[in-house]
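One letter stands for each residue in the lines below.
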2 protein chains.
Amino acid sequence: METPATLTTRPENPKTQTSYVRIRLATQSDVPHIHKLIHQMAVFEGLTHLFATTESSLSSTLFKSPPFTALTVFILEVSLSPFPPTQPDPTLSQFTPVETRVILNSPIVDEDYETFRVVGEECLDAVVAGHVFFFPNYPSFLSKPGFYVEDLFVREPYRRRGFGKMLLSAVAEQAVKMGFARVDWMVLGWNVNAIKFYEEMGAEVLEGWRPCRLGGDALQAYANK
Amino acid sequence: METPATLTTRPENPKTQTSYVRIRLATQSDVPHIHKLIHQMAVFEGLTHLFATTESSLSSTLFKSPPFTALTVFILEVSLSPFPPTQPDPTLSQFTPVETRVILNSPIVDEDYETFRVVGEECLDAVVAGHVFFFPNYPSFLSKPGFYVEDLFVREPYRRRGFGKMLLSAVAEQAVKMGFARVDWMVLGWNVNAIKFYEEMGAEVLEGWRPCRLGGDALQAYANK
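Residues numbered from 1 in each chain as written. Chains lettered and ligands numbered in written order. Predicted model: local features only at pLDDT ≥ 70, side-chain atom pairs only at ≥ 80, totals over all residues. Heavy atoms only, no water.

Asks: Looking at this model, I keep getting lost on the overall build of chain A. Mind explaining?
Replies: Along its length, chain A carries six helices and eight strands. Tracing chain A from N to C terminus, the helices and strands come up as β-α-α-β-β-α-β-β-α-β-α-β-β-α. Its C-alpha atoms give chain A a radius of gyration of 19 Å, within 12% of the compact-globule value 17 Å for 225 residues. Counting across all 225 residues of chain A, residues that qualify as buried make up 52%. Across chain A, contacts joining residues at least 24 apart in sequence account for 75% of those joining residues at least 6 apart. (Helix = DSSP H or I, 4+ residues; strand = E, 2+ residues; numbered from the N terminus. Rg over C-alpha atoms; globule rule 2.2 N^0.38 Å. Buried < 20%, exposed > 50% of the residue type's maximum accessible area, 1.4 Å probe, protein only. Contact = heavy atoms within 4.5 Å.)

Now the structure itself:
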């Protein structure tokens with residue numbers, strides 16, 4: 001199924017590369033890729049000392065509730081050939097995968113191609129390029145649900161191509177479709193590129209708040225108090 | 001049902017006041033009080049320009065899912081007489097209301113007593129003194145659920161009595177009981193009393209993060225993109 005080029009309409013030339021992009025709901029078979037994506041994000045953020053996720057802990061906690069009612073993961077795939085037609089899933093009438101054709105102004109060199117290749121699909125050259133991890137929240141001043149984006153990640157070779165914006169836009173579009181009030185997330189203050197990117201998308205980036213966490217032994221101390 | 005004094009065992013004297021405290025799950029009949037509590041919190045935070053909650057919007061969004069699977073509200077009640085025995089709710093086996101007797105070292109003068117009085121209970125002098133509003137989140141570096149505390153509020157006459165700690169402890173205890181990894185929340189950086197209070201409870205108060213929000217017209221712009 002050919003989809004229209006939405007990022008650019010320039011005619012193809014040797015320096016460009018036509019790619020097909022799809023954003024779809026993750027399934028259990030994506031767990032090994034999701035695990036590696038979250039780890040790469042921890043490396044990027046310099047927070048590997050906090051990384052304790054395993055494929056097994058992901059498998060046992062993801063996909064336990066219908067999408068959008070709890071934890072939800074979108075996967076971003078990139079392919080040099082069109083994606084096969086998506087079979088409509090009657091249980092997921094709230095969501096249609098986002099598919100688009102993009103003309104990239106330079107080819108992507110992906111050294112982790114084999115690691116992130118999508119196996120078992122008709123579209124054999126597709127690769128997982130990023131993900132967004134989100135769940136409902138509830139801003140009490142609005143008393144309407146929203147989405148909280150826990151992770152938004154695009155692998156290094158795929159950055160600065162508009163893919164991060166596509167992922168976050170897919171969450172925003174879903175929020176609007178469901179009548180949700182807001183999309184919230186957090187950014188590290190030193191990540192000025194990300195802050196600029198979010199502000200250009202229309203987000204407010206607030207100051208003056210500090211996250212608080214009670215975990216590990218400090219949390220266990222509250223058992224049966 | 002008399003419960004043991006856990007905050008102090010000093011003998012009663014004319015300057016002290018014995019009170020009974022209960023933390024229970026909110027129900028639909030608490031909505032008018034919850035609405036007023038969230039508004040008082042907005043006033044305290046200097047954020048009334050962001051307050052858009054109505055009793056109707058609360059009624060139509062709260063109590064739609066079993067407690068702890070989505071948005072959950074605990075109500076803190078204070079009474080001069082013991083609470084009647086709680087009827088066990090077989091659908092809520094995961095949670096037992098917290099009840100305790102406390103000896104306050106000065107009586108509470110509550111000018112909003114009539115507004116926050118609990119109507120329709122056998123315990124006719126009980127008053128709603130605070131609330132905590134929370135829902136599951138999912139720290140992806142741990143791949144285990146946690147709780148995110150959206151609001152923690154104690155009305156002014158009831159502060160500096162240990163009630164805020166009781167509310168947050170009830171959430172922490174519930175998190176441990178359910179095998180959750182963490183309790184997260186946000187604090188305003190200027191609220192040094194709150195930061196000190198959280199750190200004393202064992203929480204980490206992080207620096208360097210900024211909350212991002214996409215809402216209102218900026219969010220609507222993503223509809224059907």
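On we go from here.
Asks: Is there a simple way to explain the sheet that holds strand E3 (residues 98-104) of chain A in this structure?
Replies: Note on sheets: strands pair through backbone hydrogen bonds, and any given pair is parallel or antiparallel. Across the sheet, eight strands lie side by side as E3(A)-E1(A)-E2(A)-E4(A)-E5(A)-E6(A)-E8(B)-E7(A); this open sheet has mixed pairing. Edge positions in the sheet fall to E3 and strand E7 (204-205) of chain A, since each of these pairs with one other strand and no more. Sheet topology places strand E5 (residues 146-154) of chain A next to strand E6 (residues 182-188) of chain A; three bridges connect them, and they run parallel. Each bridged residue has a counterpart across the sheet, and for A:Tyr148 the counterpart in E6(A) is A:Asp184. Sheet contacts for helix H4 (residues 163-177) of chain A: strand E1 (17-25), strand E2 (72-79), E3, strand E4 (127-137), E5 and E6 of chain A together with strand E8 (209-215) of chain B; angle to E5(A), the most-contacted strand, approximately 165°. Along the sheet, helix H5 (residues 192-200) of chain A makes contact with E5, E6 and E7 of chain A together with E8 of chain B, crossing E6(A) at roughly 160°. (Pairing = 2+ DSSP bridges. Axes fitted to C-alpha atoms, helices over the stretch in contact; angles between N-to-C directions.)

Asks: Even after reading the chapter, I still don't get the interface of chain A and chain B, so can you show me in this structure?
Replies: Interfaces are often sized by the accessible area lost when the parts come together. With 68 residues of chain A at the contact, the number on the chain B side is 68 residues. A buried area of about 6200 Å², summed over both sides, lies between chain A and chain B, and 60% of it is on carbon and sulfur atoms. In terms of surface lost to chain B, no three residues of chain A exceed A:Phe141, A:Trp209 and A:Arg210, which account for 16% of the buried area on that side. Joining chain A to chain B, the criterion identifies four salt bridges. For the side of chain A that touches chain B, the residue count by class is 42 nonpolar, 15 polar and eleven charged. Where E6(A) lies against E8(B), seven bridges are found, and the strand directions are antiparallel. (Buried area = accessible area lost by both parts, 1.4 Å probe. Salt bridge = Lys/Arg side-chain N within 4 Å of Asp/Glu carboxyl O. Nonpolar A, V, L, I, M, F, W, Y, C, P; charged D, E, K, R; others polar.)

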